[in-house]
Amino acid sequence: MTRIRHQSLDCSPGCAVEATLQLIDGKWKGVILYHLLQGTLRFNAIRKRLPNITQRMLTTQLRELERDGFVLRTVYPEVPPKVEYSLTPRGRTLEPVIMALKAWGDEHTVFKPGAADCKGQDEAFLPVIASFSVAE
């Protein structure tokens, strides 16, 4: 369940940033949103794109994104049940944010050779930290 950091978000100019991060907080929400930018996906299609996520965590993250109005869950009355996930208009408004995060990651992340298939994503990249310096 999402943590509530402040009961009221009128504390400072940075509260809008905190409120936004609170809505898309979590290890997987941004990645789920990124994949849904490409179109409607079924649950197992999302799972295949995120091999390191558990079924329970994916379900939890999708429910939170649906609750917050970013994802639309469509259930078709079939046997077996068919469920599809897509972005709502509100979810589409996050596209520039998600794409900015991707662009930043592309620029500041060095991928190991052979990691292009994104298998074992946690081990596939090393953040670039040598290029940063602290101003004295």
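Located above this text is the structure these notes cover.
Residues numbered from 1 in each chain as written. Predicted model: local features only at pLDDT ≥ 70, side-chain atom pairs only at ≥ 80, totals over all residues. Heavy atoms only, no water.

Chemist: Help me get a handle on the overall build of the chain, residues and values and all.
Modeler: The number of helices and strands found in the chain is seven helices and five strands. When the helices and strands of the chain are listed from N to C terminus, the series reads α-α-β-α-α-β-β-α-α-β-α-β. Looking at the chain as a whole, 29% of its 136 residues qualify as buried. Long-range pairs, those at least 24 residues apart, make up 47% of the contacts in the chain between residues at least 6 apart in sequence. Of the roughly 9500 Å² of accessible surface on the chain, a fraction of 59% belongs to carbon and sulfur atoms. (Helix = DSSP H or I, 4+ residues; strand = E, 2+ residues; numbered from the N terminus. Buried < 20%, exposed > 50% of the residue type's maximum accessible area, 1.4 Å probe, protein only. Contact = heavy atoms within 4.5 Å. Areas by Shrake-Rupley, 256 points an atom, 1.4 Å probe, with all protein chains shown as cover.)

Chemist: Residues and numbers for the pairing of strand 2 (residues 71-76), please.
Modeler: Bridge analysis of strand 2 against strand 3 (residues 82-87) gives six bridges, and the strand direction is antiparallel. Within strand 3, the position partnered with Thr74 by the bridge is Glu84. Joining the antiparallel neighbours strand 2 and strand 3 is a turn of five residues. (Pairing = 2+ DSSP bridges.)

Chemist: Please give an account of helix 6 (residues 95-108) that cites residues and values.
Modeler: With 14 residues, helix 6 extends 20 Å between its outermost C-alpha atoms, agreeing within 8% with the 20 Å of an ideal straight helix rising 1.5 Å per residue. Regarding helix 6, the residues found buried are Ile98, Gly105 and His108. The arc that holds the buried residues of helix 6, viewed along the axis, is 105°, so those residues lie on one side. Seen from the open side of helix 6, the exposed residues pointing more than 90 degrees away from its buried face are Pro96 and Glu107. (Expected span 1.5 Å × (residues − 1). Arc of directions from axis to C-beta.)

Chemist: Please give an account of the nonpolar core that cites residues and values.
Modeler: If you look at the biggest cluster of nonpolar residues, it comprises 21 residues, and the most contacted ones within it are Ile32, Leu33, Leu36, Ile46, Val71 and Tyr85. The set of elements that each furnish at least two residues to this core consists of helix 2 (29-36), helix 3 (43-49), helix 4 (55-67) and strand 3. Beyond its immediate stretch of four places on either side in the chain, Ile32 contacts Leu50, Leu58, Gln61, Leu62 and Leu65. (Core = buried A, V, L, I, M, F, W, Y, C linked by side-chain atoms within 4.5 Å.)

Chemist: Which residues make up the pairing of strand 3, and what values go with them?
Modeler: Consecutive residues of a regular strand have side chains that alternate between opposite faces of the sheet. Of all six residues making up strand 3, five are buried, and the element is well covered by its neighbours. Sheet topology note: the strand 1 (residues 41-42)/strand 3 ladder contains two bridges and is antiparallel. Looking at strand 3, one finds that Arg42 is bridged to Glu84.

Chemist: So what's going on with the packing of aromatic side chains? Which residues, and what values?
Modeler: Within the structure shown, the criterion is met by zero aromatic pairs. Lying across the ring of Tyr76, Lys82 places its NZ or CZ 5.0 Å from the centre. (Phe/Tyr/Trp six-rings, centres within 6.5 Å; stacked < 30°, edge-to-face > 60°. Lys NZ or Arg CZ within 6 Å of the ring centre and 35° of its normal.)

Chemist: Please set out helix 2 residue by residue, giving values where relevant.
Modeler: Residue pairs three or four apart in sequence face the same way in an α-helix, which turns once every 3.6 residues. Residues Lys29, Ile32, Leu33, His35 and Leu36 constitute the buried set of helix 2. Mapping the buried residues of helix 2 onto a view down its axis gives an arc of 165°, with all of them on the same face.

Chemist: Describe the sheet that holds strand 1, and please don't skip the residues or the numbers.
Modeler: The strand order across the open sheet built from three strands is 1-3-2, with neighbouring strands paired in antiparallel fashion. Each edge of the open sheet is held by one strand with a lone partner, namely strand 1 and strand 2. Together, strand 1, strand 2 and strand 3 form the strand contacts of helix 2, whose direction differs from that of strand 3 by roughly 95°. (Axes fitted to C-alpha atoms, helices over the stretch in contact; angles between N-to-C directions.)

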